Amino acid sequence: MFVIAGLGNPKKEYENTRHNIGFSVIDMLAEQNNIRLGTAKHKGLLGAGYIDGQKVLLVKPMTYMNLSGECIREVLDYYKVDGSDHLIVIHDDISLEPGVIRIRKKGSAGGHNGLKNIIQHLGNDTFIRIKVGVGEKPAGYDLADYVLGHFSGEERTLMRQVSEEACSAVRMILEKGPDSAMNCFNGKKL
């Protein structure tokens, strides 16, 4: 079984913000694969099902971004899943321009507090991640204000497309492994 976690913040006010792109991808995966995200457990919102014949558990941590590791650690422990090769974390990345995704099998938090907390709770940085580019903050903007800001109409269209691309990347990781997905999606721009 794969645990697929999208990072974001709970509450309606954070919907469709840059920081919640991980939640958006999880919602899209759930919709595409008829998986109901309805179980509140392990400090998260969970939905079990299948994607292309592979058993998955979709997870939206409800701990707020900076404590995402609490939920993910509990889920991995409870379901006895090895995070090093069966955990996929989907999150926003300000160092990538909008319309770009990048897949990695390990790496630092890169200043992302959600990833930092996951690494802290797992005790290592070896897990698959799908980084979804949301673009650099404009000069003079506060970083928190930027990542918690909503997408413009034009950006929303692009982010829907990149979310579909991230869903395709998840399917390829499940079917062919992360290396194939990295070769296919890294460096590609919508």
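Residues numbered from 1 in each chain as written. Predicted model: local features only at pLDDT ≥ 70, side-chain atom pairs only at ≥ 80, totals over all residues. Heavy atoms only, no water.

1. Here we look at the overall build of the chain
Item 1. The helix and strand inventory of the chain stands at 7 helices and 7 strands.
Item 2. Scanning the chain from its N terminus toward the C terminus, one meets helices and strands in the order β-α-β-β-β-α-α-β-β-α-β-α-α-α.
Item 3. For 190 residues, the compact-globule estimate of 2.2 N^0.38 gives 16 Å, and the chain sits close to it at 15 Å.
Item 4. Referenced to the eigenvectors of the C-alpha coordinate spread, the extents of the chain come out at roughly 45 × 30 × 30 Å. (Helix = DSSP H or I, 4+ residues; strand = E, 2+ residues; numbered from the N terminus. Rg over C-alpha atoms; globule rule 2.2 N^0.38 Å.)

2. Some words on the pairing of strand β3 (residues 44-51)
Item 1. Pairing geometry for strand β2 (residues 39-41) and β3, over 3 bridges, is antiparallel. Looking across to β3, one finds that alanine 40 is bridged to leucine 45.
Item 2. In textbook terms, the turn of a hairpin is the stretch between consecutive antiparallel strands, and for β2 and β3 this stretch comprises 2 residues, one of which, histidine 42, has a positive phi near 55°.
Item 3. Relative to strand β4 (residues 54-61), β3 is paired through 8 bridges, and the arrangement is antiparallel. Within β4, the residue paired with glycine 49 across the bridge is valine 56.
Item 4. The turn joining β3 and β4, which pair antiparallel and follow one another in sequence, is formed by 2 residues; a positive phi near 50° is taken by aspartate 52. (Pairing = 2+ DSSP bridges.)

3. Description of the packing of helix α2 (residues 68-79) against helix α4 (residues 113-122)
Item 1. The N-to-C vectors of α2 and α4 enclose an angle of 40°; their axes lie 7 Å apart at closest approach. On the basis of their axis angle, the class for α2 and α4 is oblique. The hand of the α2/α4 crossing is right-handed. Only Gly114, Asn117, Ile118, His121 and Leu122 of α4 make contact with α2, whose side of the interface consists of Ser68, Gly69, Glu70, Ile72, Arg73 and Leu76.
Item 2. Across the contact of α2 with α4, the residue classes tally to 4 nonpolar, 5 polar and 2 charged. (Axes fitted to C-alpha atoms, helices over the stretch in contact; angles between N-to-C directions. Parallel < 35°, antiparallel > 145°, perpendicular 65-115°, else oblique. Left-handed = near helix turned anticlockwise from the far one by under 90°. Contact = heavy atoms within 4.5 Å. Nonpolar A, V, L, I, M, F, W, Y, C, P; charged D, E, K, R; others polar.)

4. Some thoughts on the packing of aromatic side chains
Item 1. Applying the stated criterion across every chain yields a total of 3 aromatic pairs.
Item 2. Residues tyrosine 14 and tyrosine 64 carry aromatic rings whose centres are separated by 6.3 Å and whose planes lie at 85° to one another, so their mutual orientation is edge-to-face. Residue tyrosine 14 is located in the loop between β1 (2-6) and α1 (21-32), and its partner tyrosine 64 is located in the loop between β4 and α2; the two are separated by 50 residues in the primary sequence.
Item 3. Judged by its relative accessible area of 18%, tyrosine 14 falls in the buried class.
Item 4. Note on tyrosine 64: relative accessible area 33%, which makes it partly exposed.
Item 5. Ring centres of tyrosine 78 and tyrosine 79 lie 4.9 Å apart, and the angle between their planes is 75°; on these two criteria the pair is classed as edge-to-face.
Item 6. Overall, the relative accessible area of 27% leaves tyrosine 79 in the partly exposed class.
Item 7. For the cation-ring pair, lysine 60 lies above phenylalanine 23, with the distance from its terminal atom to the ring centre recorded as 5.0 Å. (Phe/Tyr/Trp six-rings, centres within 6.5 Å; stacked < 30°, edge-to-face > 60°. Buried < 20%, exposed > 50% of the residue type's maximum accessible area, 1.4 Å probe, protein only. Lys NZ or Arg CZ within 6 Å of the ring centre and 35° of its normal.)

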